[in-house]
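# Architecture at a glance
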Amino acid sequence: MNGQMERMATYHNPRHWVLPGDPNNWLLGIERKIWGLRDKPQLHKAWDNLQPGDFLYFYVTRPISGIVGIGRVLAKFIGDDPLWPDEVQARRVIYPLRFEMEITALIKPEEWATNALKVQQLGIGVMRITEVNPQKVPLLLEALKQVLGPPQPPPPSEGQRTHAKIQELLMEIGKMKGYVVEKEYPIDTERLDVVWKRVEKGVPFCAFEIQIGGEIYRALGKLKHAFDTWNSNIYLVTERKWDKKLDELLSGTFHEIQNRLKRIYLEDVEALTRALKQLREIEEKLGI
């Protein structure tokens, strides 16, 4: 944990933020690795100032009243679907200013009540998202060393497949089928991993998101937006370990695209690439 704390204090001069939230919202935020803020002037300003690499301290409000984990900002986006329990109950988005985060250390939820770090004695505010005074960061990190265990190592990836490799294969398949292909295609403030278009200036008729790591909720949100905007065919390229979570989201938050989304496994992308290459070789050999 000491090495983790040292890296946190020196990584590209990041800012440090305390994020308050109730226990239920934090359980879901940690599970999906996403947090969100209301669209109010002070909160919007803080969200604008958040940058990838900034560090986050998960403050759970009453009855816990303490920090239970540490994370790091990965990417920001605007959410347009209810996610947290109070949003689902209200049937509207309450926290649209969202960001994806990496969790670097976390107290087990069953130990929150006894082991959460009380920060009031450090003079750190927790009324809303608050940037920690740089002079107080060393005190906060020192206190956290006493309550947080070492971060859990990430699960190993399936084989040697990588996001970039699958992205290139999808582009190669599209080219072999005669389509215009693009990667990191912009859609509002986000980017789709790969799109296929029939003509250069046309809109995507196929949109792909690759789900190997990170947050599946965000990937589905982008695909839903592509369907709503362009009526695209939408595809999630993923690993089988995501099946249960994907089924839950498609029967709940993303029920509107349940019958539109097509699920493709990584090995199927690789198999299709090989098959198309073999077909191309046969066609060239036969001159047809």
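Residues numbered from 1 in each chain as written. Predicted model: local features only at pLDDT ≥ 70, side-chain atom pairs only at ≥ 80, totals over all residues. Heavy atoms only, no water.

## Details of the overall build of the chain
- Of regular secondary structure, the chain possesses ten helices and eleven strands.
- Over its C-alpha atoms, taken along the principal directions, the chain stretches across nearly 80 × 40 × 30 Å.
- A burial count over the chain gives 47% of its 288 residues as buried.
- Considering only contacts in the chain between residues 6 or more positions apart, those separated by 24 or more positions represent 67%.
- Accessible surface, the chain as shown: approximately 15,400 Å² in total, 51% of it carbon and sulfur. (Helix = DSSP H or I, 4+ residues; strand = E, 2+ residues; numbered from the N terminus. Buried < 20%, exposed > 50% of the residue type's maximum accessible area, 1.4 Å probe, protein only. Contact = heavy atoms within 4.5 Å. Areas by Shrake-Rupley, 256 points an atom, 1.4 Å probe, with all protein chains shown as cover.)

## Considerations on the sheet that holds strand β7 (residues 180-187)
- Spatially, β7-β8-β9-β10-β11 is the arrangement adopted by the five strands of the open sheet, whose pairing is mixed. Where the open sheet ends on each side, the last strands, each with one partner, are β7 and β11 (261-265). Between one strand axis and the next, the sheet turns by 30° as a mean value, whatever way the strands run.
- Bridge analysis of strand β10 (residues 233-238) against β11 gives five bridges, and the strand direction is parallel. Each bridged residue has a counterpart across the sheet, and for Ile234 the counterpart in β11 is Leu261.
- Relative to strand β8 (residues 190-197), helix α7 (residues 163-176) is tilted by about 25°, and along the sheet it contacts β7, β8, β9 (206-211) and β10.
- Strand contacts of helix α9 (residues 243-251): β10 and β11, with the helix running at about 175° to β11, the strand carrying the most contacts. (Pairing = 2+ DSSP bridges. Axes fitted to C-alpha atoms, helices over the stretch in contact; angles between N-to-C directions.)

## A few points about a positive patch on the surface
- On the surface, Arg38, Lys40, Arg92 and Arg128 cluster together to form a positively charged patch.
- Here Arg128 lies in the loop between α5 (112-115) and β6 (130-131). (Patch = residues over 30% accessible without salt bridge, like charges linked within 9 Å, V, L, I, M, F, W, Y side chains within 5 Å. Salt bridge = Lys/Arg side-chain N within 4 Å of Asp/Glu carboxyl O. Lys, Arg positive; Asp, Glu negative; His and termini not counted. Charge placed at Lys NZ, Arg CZ, Asp CG, Glu CD.)

## Examining the sheet that holds strand β5 (residues 97-106)
- The strand order across the open sheet built from six strands is β2-β5-β4-β3-β1-β6, with neighbouring strands paired in mixed fashion. The sheet terminates laterally at β2 (34-37) and β6, the two strands that pair on one side only.
- Here helix α3 (residues 41-49) sits on the sheet in contact with β1 (16-21), β2, β4 (66-78) and β5, set at roughly 60° to β5.

## A word on the confidence of the model for the chain
- Per-residue pLDDT for the chain averages 86, and the proportion of residues at 70 or more is 91%.
- Predicted confidence for residues 1-11 stays below pLDDT 50, and this span has 23 contacts to residues more than four positions away or in other chains. (pLDDT = per-residue confidence, 0-100.)

## Describing the pairing of β1
- Of all six residues in β1, six are buried; the element is thus mostly enclosed.
- Here β1 shows a buried face lined by His16, Val18 and Pro20 and a second buried face lined by Trp17, Leu19 and Gly21.
- Relative to strand β3 (residues 55-60), β1 is paired through six bridges, and the arrangement is parallel. Across the sheet, the residue bridging to His16 is Phe55, located in β3.
- As paired elements, β1 and β6 share two bridges and run antiparallel to each other.

## A look at the nonpolar core
- Of all hydrophobic cores here, the largest spans 69 residues; its most connected members are Trp26, Leu56, Tyr57 and Leu140.
- Ranked by residues supplied to this core, first place goes to helix α8 (residues 216-230) with seven residues.
- Once you skip the residues sitting within four places of it in the chain, Trp26 turns out to touch Leu19, Pro20, Gly21, Trp35, Phe58, Tyr59, Val60, Met101 and Trp112.
- Core analysis: the next-biggest nonpolar cluster, separate from the first, contains 19 residues, Ile173, Val181, Ile210 and Tyr235 among them. (Core = buried A, V, L, I, M, F, W, Y, C linked by side-chain atoms within 4.5 Å.)

## Regarding helix α6 (residues 137-145)
- Within α6 the residues assigned to the buried category are Val137, Leu140, Leu141, Ala143 and Leu144. Around the axis of α6, the buried residues are gathered within 160° of arc, so they sit on the same side. For α6, the exposed residues set more than 90 degrees away from the buried face come down to Pro138 and Leu139. (Arc of directions from axis to C-beta.)

## A closer look at the pattern of salt bridges
- Following the criterion strictly, the structure yields 19 salt bridges and no others.
- For Glu239, the salt bridge goes to Lys241, with nearest N and O atoms at 3.5 Å.
- Note on Glu239: relative accessible area 3%, which makes it buried.

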